[in-house]
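Here is how the chains run, residue by residue.
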Amino acid sequence: MKAKLKIALLTLLGFSTAACCTTKKTSGKESDSEGKQIERDSVDTRIMLMYGVPFPNGSTTAPLSDEETQEAQNRIQEIRTEEMAEAPEIVGGPALFPDGSQAVPLKDEAENIKVNKGPALFPDGRAAGALSEEEAAKKVAEMEAKTEAAEQK
Amino acid sequence: MKGKKIGLRKYVALKLFNSLYDKAIEKHELRTLFWECTLRCNLACRHCGSDCRTDIAEKDMPLADFLRVLDEEITPNIDPSRVLIIFSGGEVLVRPDLEEAGREVTRRGYMWGMVTNGMALTRERLYSLVNAGLRSISISFDGFENIHNHIRGNRLSFERARTAIRNIIDIEGLTYDVITCVTPQLLPRLEEWKEFLISEGIRSWRIFSIFPAGRASKDGSLHLDAEQFRTLMEFVRHTRREGRIELNYACEGFLGGYEAEVRDHFYMCNAGVSVASIRVNGDISGCTSVRANYTQGNIYRDRFWNVWQHRFEKFRNREWTRCGECKDCRVWDLCRGGGMHLRDDNGELMYCHYNMLK
């Protein structure tokens with residue numbers, strides 16, 4: 001079978017680019033140094049070599065648009081968020097600080113906090129429920145006036 | 001996850017392609033010439049296939065010796081405009097006469113390119129090289145800062161490479177690509193790394209994975225296992241279909257059902273078929289990634305063109321690779337024993353990509 005026929009068959013099978021990797025960069029023909037067209041009748045053996053460089057052809061030199069680079073920047077954020085959401089639950093012993101010392105669990109700290117177990121307190125420290133109804137109404141009116149003044153400002 | 005099988009349509013295409021490849025072997029037109037101009041390097045990367053060092057016994061090849069071979073042996077026999085010369089190392093930027101070499105090969109009508117780690121590629125040096133005719137450049141960028149610097153063994157290497165890439169992208173008409181060595185550390189973050197590269201404005205990206213040669217053979221933590229390798233292939237396939245960045249897996253080995261889906265071309269090893277190299281000591285061989293001793297001659301003893309035309313038998317007829325793991329392999333005729341760089345000094349296959357994907 002002739003080489004040109006084989007190339008045609010490869011094209012029919014949908015592998016023209018894979019068979020002749022310059023196909024997508026040229027129109028299927030190459031030019032020699034004098035500009036004469038050379039018809040290809042064998043595979044183009046110019047492939048991306050292990051320690052090689054891409055063949056200079058100009059196709060890879062056009063800069064990406066700002067939209068393309070911006071889209072990628074946004075996607076990086078998305079990928080990172082997804083990674084956080086998919087992170088497995090941490091099990092095992094307590095966390096350690098970088099110096100190897102053990103991090104103190106929060107509940108131990110909470111035991112040392114003085115918790116007010118009595119009635120709620122007003123900002124001035126007086127306990128709610130410790131005022132008469134009259135004093136309480138006056139207090140509420142004062143607080144509403146303060147709030148109004150703050151909003152007007 | 002199972003590997004992708006070769007469908008009938010692709011199988012027929014691979015068979016057709018193989019017969020065309022035979023013709024390419026028969027013609028063995030020289031299209032790419034590596035000049036390993038130095039083995040010195042300003043880094044000591046963990047994955048280095050050539051195991052080069054900062055201070056080595058092997059001296060750089062004098063430019064005049066290389067030019068003599070070009071003038072007397074190569075240029076009279078080929079059309080220089082169809083041959084790409086690649087300056088290779090070591091790290092080529094340690095050579096102060098790189099611009100002179102570039103100007104000389106450009107003057108003779110050749111295109112030239114180079115591969116670099118970017119450490120010493122300042123804006124001034126880049127512009128100077130472009131002025132000397134540099135047409136194509138590949139730069140290594142192996143992952144996020146901690147990964148890249150760990151592999152490269154230098155805390156400045158990521159930032160230097162990043163700056164160099166930004167300068168390269170700014171030069172209109174300079175062909176480039178960024179090369180990433182995918183390790184188990186990078187693989188889980190590869191999607192994020194892709195977005196990072198695009199956000200940096202990078203259009204062309206090449207990926208490879210470690211094969212056990214040089215310094216890389218000693219560090220098992222860099223190697224992908226079968227499952228990770230299949231994940232990588234799926235990533236490359238998906239990214240190519242997505243079309244936001246031009247991505248190719250390197251020419252490393254035959255990939256079975258992934259052929260034509262993870263790189264622009266079907267698998268073929270062009271070492272000794274259309275690719276030759278002149279090593280720092282004058283040895284003539286195929287691709288510079290072939291580290292085992294398949295030397296075919298030496299420019300200080302032999303005539304390069306004579307060697308290219310009449311030797312390279314081991315490269316052009318791979319029947320000898322039908323041994324060991326390959327002996328009864330049913331895809332040998334599509335793969336021909338894998339890339340020459342995957343063979344050791346005894347001809348044994350060190351790594352089979354196809355078997356990894358089974």
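Predicted, not measured: the structure shown is a model, and the values here were computed from it.

A.B. asks: Just give me the short version of the overall build of chain B, but keep the residues and values in it.
C.D. replies: Along chain B, the regular secondary structure elements total 12 helices and 10 strands. Here chain B has a C-alpha radius of gyration of 20 Å; the compact-globule value for 358 residues is 21 Å, and the two agree. Counting across all 358 residues of chain B, residues that qualify as buried make up 65%. Long-range pairs, those at least 24 residues apart, make up 70% of the contacts in chain B with a sequence separation of at least 6. Summing over all exposed atoms, chain B offers an accessible surface of approximately 13,400 Å²; the carbon and sulfur share of this is 48%.

A.B. asks: So what's going on with helix α1 (residues 3-12) of chain A? Residues and values would help.
C.D. replies: Residues and elements named next belong to chain A. Listed as buried for α1 are Ala3, Lys6, Ile7 and Leu10. Each buried residue of α1 lies within a common arc of 100 degrees when the element is viewed along its axis, so the set occupies one face. Downstream of α1 by a residue or two, glycine 14 has a phi angle that is positive, lying close to 90 degrees.

A.B. asks: How would you explain the packing of helix α2 (residues 63-74) of chain B against helix α3 (residues 98-107) of chain B if you had to name every residue and give the values?
C.D. replies: The geometry of a pair of packed helices is captured by two quantities: the angle between their axes and the separation between those axes. All names here are of chain B. Two numbers describe how α2 lies on α3: the axes approach to 11 Å, and their chain directions differ by 10 degrees. Compared by their axis directions, α2 and α3 come out roughly parallel. Contacts from Leu63, Phe66, Leu67 and Leu70 of α2 reach α3 at Glu100, Ala101, Glu104 and Val105. Classifying every residue of the contact of α2 with α3 by side-chain character gives six nonpolar, no polar and two charged.

A.B. asks: A description of the packing of α1 of chain A against helix α1 (residues 8-27) of chain B should follow, citing residues and the corresponding values.
C.D. replies: Their axes nearest at 10 Å, the elements α1 of chain A and α1 of chain B cross at an angle of 150 degrees. The angle between α1 of chain A and α1 of chain B places the two elements in the roughly antiparallel class. Every pair of crossing elements has a handedness; the one defined by α1 of chain A and α1 of chain B is left-handed. Seen from α1 of chain A, the contacting residues are Ala3, Lys6, Ile7, Leu9 and Leu10 of chain A; seen from α1 of chain B, they are Ala13, Leu16, Phe17, Ser19, Leu20 and Lys23 of chain B.

A.B. asks: Give me the lowdown on the packing of aromatic side chains, citing residues and values where you can.
C.D. replies: Residues and elements named next belong to chain B. For the structure on display, the rule yields 20 aromatic pairs over all chains. Members of the aromatic cluster, connected to one another through ring pairs, are Phe141, Phe144, Phe158, Trp193 and Phe196. The residue whose ring lies beneath arginine 189 is phenylalanine 144, and the NZ or CZ to ring-centre distance is 4.1 Å. The ring of tryptophan 332 has arginine 322 lying over it, and the distance from NZ or CZ to the ring centre is 3.9 Å.

A.B. asks: Can you break down the confidence of the model for chain A residue by residue, with the values?
C.D. replies: Residues and elements named next belong to chain A. Summing up the model confidence of chain A, the mean pLDDT is 61 and the portion of residues at 70 or higher is 38%. Predicted confidence in chain A is weakest over helix α4 (residues 106-111), with a mean pLDDT of 33, and strongest over α1, with 81. Every residue in residues 87-99 is under pLDDT 50, and counting partners more than four places away or in other chains gives nine contacts.

A.B. asks: Could you give an account of the state of the cysteines, naming the residues involved and the relevant values?
C.D. replies: Residue and element names in this part refer to chain B. A full pass over the atoms with the stated rule returns zero disulfides over all chains. In this model cysteine 323 remains outside any disulfide bridge; the closest cysteine sulfur is found in cysteine 326, 6.5 Å from its own. Judged by relative accessible area, which is 26%, cysteine 323 ranks as partly exposed.

A.B. asks: If you had to explain the pairing of strand β4 (residues 134-140) of chain B to someone new, which residues and values would you point to?
C.D. replies: Residue and element names in this part refer to chain B. In terms of burial, β4 is largely enclosed, as six of its seven residues are buried. One ladder, built from five bridges, connects strand β3 (residues 111-116) with β4; its direction is parallel. In the sheet register, methionine 114 faces β4, and the bridge partner there is isoleucine 137. The parallel pair β3 and β4, bridged by helix α4 (residues 123-131), forms a crossover whose chirality is right-handed. Here β4 runs beside strand β5 (residues 175-182); their pairing, made up of five bridges, is parallel. When the bridges of β5 are listed, serine 138 appears paired with aspartate 177.

A.B. asks: Explain helix α6 (residues 157-169) of chain B to me, using residue names and the numbers behind them.
C.D. replies: Here α6 of chain B contains 13 residues, and its C-alpha end-to-end distance of 18 Å stays within 8% of the 18 Å for a straight helix at 1.5 Å per residue. On its buried face, α6 of chain B sits against α4, β4, α5 (145-152), β5 and α7 (190-199) of chain B.

Rules of the game
Residues numbered from 1 in each chain as written. Chains lettered and ligands numbered in written order. Predicted model: local features only at pLDDT ≥ 70, side-chain atom pairs only at ≥ 80, totals over all residues. Heavy atoms only, no water. Helix = DSSP H or I, 4+ residues; strand = E, 2+ residues; numbered from the N terminus. Rg over C-alpha atoms; globule rule 2.2 N^0.38 Å. Buried < 20%, exposed > 50% of the residue type's maximum accessible area, 1.4 Å probe, protein only. Contact = heavy atoms within 4.5 Å. Areas by Shrake-Rupley, 256 points an atom, 1.4 Å probe, with all protein chains shown as cover. Arc of directions from axis to C-beta. Axes fitted to C-alpha atoms, helices over the stretch in contact; angles between N-to-C directions. Parallel < 35°, antiparallel > 145°, perpendicular 65-115°, else oblique. Nonpolar A, V, L, I, M, F, W, Y, C, P; charged D, E, K, R; others polar. Left-handed = near helix turned anticlockwise from the far one by under 90°. Phe/Tyr/Trp six-rings, centres within 6.5 Å; stacked < 30°, edge-to-face > 60°. Lys NZ or Arg CZ within 6 Å of the ring centre and 35° of its normal. pLDDT = per-residue confidence, 0-100. Disulfide = S-S within 2.5 Å. Pairing = 2+ DSSP bridges. Right-handed = clockwise from strand over helix to strand, strands pointing away. Expected span 1.5 Å × (residues − 1).

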